[in-house]
Amino acid sequence: MNEQSSATDRTTVTAHRAAGLSLGALGVLAFSLSLPATRVAVQQLDPWFVAFGRAVGAALLAFAYLRLTGAPRPTRDQWRRLSVVAVGVVAGFPLFTSLALTTQPSARGAVVIAVLPAATAVFAVLRAGERPPVLFWVASTGGLVAVLAFLTTGGAVHGALSAADLFLLTAVVLCGLGYAEGGALARELGGARTICWALLLALPVTVPVTAVAAIAAPPRADVVTWSAFGYLTVVSMFLGFFAWYAGLARGGIAYVGQVQLAQPVLTLIWSALLLAEAVTPASIVAALVVLTCVVLIQRTRGSARPDRDGLQKTCKQ
């Protein structure tokens, strides 16, 4: 009886992890267009307006979603943790990527963003109590090296470290923190409510900054630019997190976070299609190497010691 119950539990956990990986991949697909869209938006719109204005727009959608679903208010401790999410993904990442991409192409941004899965994994250990095995770190490092090698040989990296690169590195650190904290909190609130409450919590900051930016540089842009801004608002800042945080909560923050290894390659593909940037045939090889590393990472779960209580709680939801 106990063996049968244990087998059932293992099957349930495995199913949730598979669902987590699928949701995480959907989130990465949504986020992969963020840098090209930001690059387009900041060419005609003020970067501060792009960063905080999209958060205000997403907060309006979040308010409607929470009202329609009748979501209960977070506890005091959950509000505190939501503030970490807000600093990381609502304010920090959008602001510093917008500032960086006013002078740098999205291809160079993709180079630095390749570090994001590693940053997410580190914060998963520090903030969510996950303990991936050594093989996990070996495989994730291999995927990171493969992406960086591809981007370097493809000509995306050139020149010395600039202020824009420092902006991107700051964005990566803050985003990794926001991903890990949000993924852990999504085990309690759910992925959709986590980003929705974080967006509302940030309104006392995002609204004034957006207003000041709009007054200082009245937003005027063509249809393409406003379409890019709309994508950042609806998908990058809102819907993408529904899938992403739900995936992190179900599949494990460190593990699902490594799906982001494919994001730089996807970003370059979008850049080629939308911004006419060249993509070499080496992208196919890099994608296959990254896919292999992601599969290897998923196979290391058997020896991992993640936050088991949190995972079981998620499985019961």
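Use the structure listed above.
Residues numbered from 1 in each chain as written. Predicted model: local features only at pLDDT ≥ 70, side-chain atom pairs only at ≥ 80, totals over all residues. Heavy atoms only, no water.

Moving on: the overall build of the chain. Across its full length, the chain holds 15 helices and zero strands. Within the span of the chain, comprising 317 residues, buried residues form 53% of the whole. Across the chain, contacts joining residues at least 24 apart in sequence account for 93% of those joining residues at least 6 apart. Within the structure as shown, the chain displays about 13800 Å² of accessible surface, and the carbon and sulfur contribution to it stands at 68%. (Helix = DSSP H or I, 4+ residues; strand = E, 2+ residues; numbered from the N terminus. Buried < 20%, exposed > 50% of the residue type's maximum accessible area, 1.4 Å probe, protein only. Contact = heavy atoms within 4.5 Å. Areas by Shrake-Rupley, 256 points an atom, 1.4 Å probe, with all protein chains shown as cover.)

Before going further, it helps to examine the packing of aromatic side chains. The geometry of two aromatic rings is summed up by the distance between their centres and the angle between their planes. In this structure the tally under the stated criterion is 14 aromatic pairs. Seen in terms of ring centroids, Tyr65 and Phe242 are 5.2 Å apart; in terms of plane orientation they differ by 70°. Their pairing is edge-to-face. Remark: Phe242 occurs in helix α11 (residues 223-251) and Tyr65 occurs in helix α3 (residues 47-69); sequence separation between them is 177 residues. The class for Tyr65 is partly exposed, based on a relative accessible area of 28%. (Phe/Tyr/Trp six-rings, centres within 6.5 Å; stacked < 30°, edge-to-face > 60°.)

Moving on: the packing of helix α2 (residues 34-41) against helix α13 (residues 263-275). The geometry of α2 relative to α13 is characterised by a closest axis approach of 8 Å and an angle of 40° between their N-to-C directions. Taken together, the axes of α2 and α13 lie oblique to each other. Across the interface between the two elements, Leu35, Pro36, Arg39 and Val40 of α2 pack against Thr267, Trp270, Ser271 and Leu275 of α13. A per-class count over the contact of α2 with α13 returns five nonpolar, two polar and one charged. (Axes fitted to C-alpha atoms, helices over the stretch in contact; angles between N-to-C directions. Parallel < 35°, antiparallel > 145°, perpendicular 65-115°, else oblique. Nonpolar A, V, L, I, M, F, W, Y, C, P; charged D, E, K, R; others polar.)

With that settled, the discussion passes to the pattern of salt bridges. Tallying each qualifying case throughout the model produces three salt bridges. The residue Arg80 makes a salt bridge to Asp77 at a minimum N-O spacing of 2.6 Å. With a gap of three residues between them, Arg80 and Asp77 both fall in helix α4 (residues 76-100), about one helical turn apart. On the basis of relative accessibility, which here comes to 45%, the residue Arg80 falls in the partly exposed class. Residue classification places Asp77 among the partly exposed positions, given a relative accessible area of 39%. (Salt bridge = Lys/Arg side-chain N within 4 Å of Asp/Glu carboxyl O.)

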